[in-house]
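A closer look at the structure
Listed here are the chains, written in short residue letters.
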Amino acid sequence: MSTGDAVTGPDGAPRCPWALSTPDYVTYHDEEWGRPVHGDDALFERLSLEAFQSGLSWITILRRRPGFRAAFSGFEIAAVARFTDDDRDRLLADSGIIRNRAKIDATLANARVLAGWAPGELDDLIWSYAPDPATRPVPRTLADVPAVTPESTALSKALKQRGLRFVGPTTAYALMQACGLVDDHLEACVSRDGPPGA
């Protein structure tokens, strides 16, 4: 049976090929990517990190995630919403994160918007755009995995209408993949139906 683009790793298990480029990716692929994420703060973190990733490699963000979490108070929405100009200056000088002024400003602005939402509102909004898995073909090759979908375009539009920034359709789809709204593990991937060994 063909495994499509899945690649066999050192442990003998087939995985999405991007997962084998570095040990950091193996862990992220096996334990996090495509697993359901719920909770406003957790989703704010993922949304923020996907925005910081725009134009960069995800491994750059993944390796700096501890620094991001420290710099942004664990991505607790209420805490980040209270950040001052001094905090902004601190972030712009913090070598443990990506010091992109527009992305930092967007993260702070998004936290202030989200602080005015009801508890669970971000979670409910994002997950309301999860497509029915039965309507999505299982990807066999990387060419079968889209960068943008009608659902991610609609989610992006909804988030922008609510005042959020750096949430384009491609970023929205990366969020959907990372947070388990869609399962884009390849058909032959060991993680297709859950973490290995689950």
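Given the structure is predicted, the values throughout are model-derived calculations rather than measurements.

**Describing the overall build of the chain**
A count of helical and extended segments in the chain gives 9 helices and 2 strands. Starting at the N terminus and walking to the C terminus, you meet the elements of the chain as β-β-α-α-α-α-α-α-α-α-α. On C-alpha atoms alone, the chain measures out to a radius of gyration of 17 Å, which is about the 16 Å that the 2.2 N^0.38 rule sets for 198 residues. Expressed as lengths along the three principal axes of its C-alpha atoms, the size of the chain is roughly 60 × 35 × 30 Å. Within the chain, buried positions represent 45% of all 198 residues. In the chain, once contacts between residues fewer than 6 apart in sequence are set aside, the share between residues at least 24 apart is 67%. By element, 52% of the accessible surface of the chain is carried by carbon and sulfur atoms, the whole surface being about 9,300 Å².

**Digging into the state of the cysteines**
According to the stated counting rule, one finds 0 disulfides in the structure shown. Free of any disulfide, Cys-16 has its nearest neighbouring cysteine sulfur in Cys-189, separated by 3.8 Å. In this model Cys-179 remains outside any disulfide bridge; the closest cysteine sulfur is found in Cys-16, 16 Å from its own. Cys-179 sits in the buried class, given a relative accessible area of 0%.

**Some remarks on the layout of surface pockets**
Estimates place the volume of the largest pocket at around 460 Å³. Contributions of two or more residues to the lining of the largest pocket are made by helix H1 (23-31), helix H2 (40-53) and helix H9 (169-178). When residues of the lining of the largest pocket are assigned to their parent elements, the largest contribution, 6 residues, is made by H9. Per-class residue counts for the lining of the largest pocket are 14 nonpolar, 5 polar and 2 charged. By volume, the second largest pocket is sized at about 150 Å³. For the second largest pocket, the full set of lining residues is Asp-40, Asp-41, Glu-76, Ile-77, Ala-78, Leu-114, Ala-115, Trp-117, Ala-118, Pro-119 and Leu-122. Among the elements of the structure, H2 and helix H4 (77-81) are those that each provide at least two residues to the lining of the second largest pocket.

**Things to note about the packing of aromatic side chains**
With the rule as written, the count across this model stands at 10 aromatic pairs. Pairing Trp-18 with Trp-33 gives two aromatic rings, centres 5.0 Å apart and planes at 80°, and the pair type is edge-to-face. Of the two residues, Trp-18 sits in the loop between strand S2 (14-15) and H1 while Trp-33 sits in the loop between H1 and H2, which places them 15 residues apart along the sequence. Judged by relative accessible area, which is 25%, Trp-18 ranks as partly exposed. Assessed through its relative accessible area of 9%, Trp-33 is described here as buried. Ring centres 5.9 Å apart and planes at 70° place the aromatic pair Phe-44 and Phe-75 in the edge-to-face group. With Phe-44 in helix H2 and Phe-75 in the loop between helix H3 (58-71) and H4, this pair connects stretches of sequence that are 31 residues apart. Judged on exposure class, the residue Phe-44 and its partner Phe-75 are both buried.

**Some points on the nonpolar core**
One finds Phe-44, Phe-68, Phe-72, Leu-91, Leu-122 and Leu-159 to be the most contacted residues of the largest nonpolar core, which totals 45 residues. Looking at this core, the elements that each hand over two or more residues are H1, H2, H3, H4, helix H6 (101-114), helix H7 (121-127), helix H8 (150-161) and H9. A total of 6 residues in this core trace back to one element, the largest contributor, which is H3.

**Focus: the packing of helix H5 (residues 85-92) against H6**
At a minimum axis separation of 10 Å, H5 and H6 run at an interaxial angle of 140°. In terms of their interaxial angle, H5 and H6 are classed as oblique. Judged by the twist between their axes, the crossing of H5 over H6 is right-handed. Contacts between H5 and H6 pair Arg-88, Leu-91 and Leu-92 from the former with Arg-101, Ile-104, Asp-105 and Leu-108 from the latter. For the contact of H5 with H6, a count of residues per class yields 4 nonpolar, no polar and 3 charged.

How each quantity is defined
Residues numbered from 1 in each chain as written. Predicted model: local features only at pLDDT ≥ 70, side-chain atom pairs only at ≥ 80, totals over all residues. Heavy atoms only, no water. Helix = DSSP H or I, 4+ residues; strand = E, 2+ residues; numbered from the N terminus. Rg over C-alpha atoms; globule rule 2.2 N^0.38 Å. Buried < 20%, exposed > 50% of the residue type's maximum accessible area, 1.4 Å probe, protein only. Contact = heavy atoms within 4.5 Å. Areas by Shrake-Rupley, 256 points an atom, 1.4 Å probe, with all protein chains shown as cover. Disulfide = S-S within 2.5 Å. 1 Å grid on protein atoms, 1.4 Å probe; cavity = no way out; pocket = protein on both sides within 12 Å on 5 of 7 lines; lining within 4 Å. Points joined across faces, edges and corners; volume = space filled by probe spheres on them. Nonpolar A, V, L, I, M, F, W, Y, C, P; charged D, E, K, R; others polar. Phe/Tyr/Trp six-rings, centres within 6.5 Å; stacked < 30°, edge-to-face > 60°. Core = buried A, V, L, I, M, F, W, Y, C linked by side-chain atoms within 4.5 Å. Axes fitted to C-alpha atoms, helices over the stretch in contact; angles between N-to-C directions. Parallel < 35°, antiparallel > 145°, perpendicular 65-115°, else oblique. Left-handed = near helix turned anticlockwise from the far one by under 90°.

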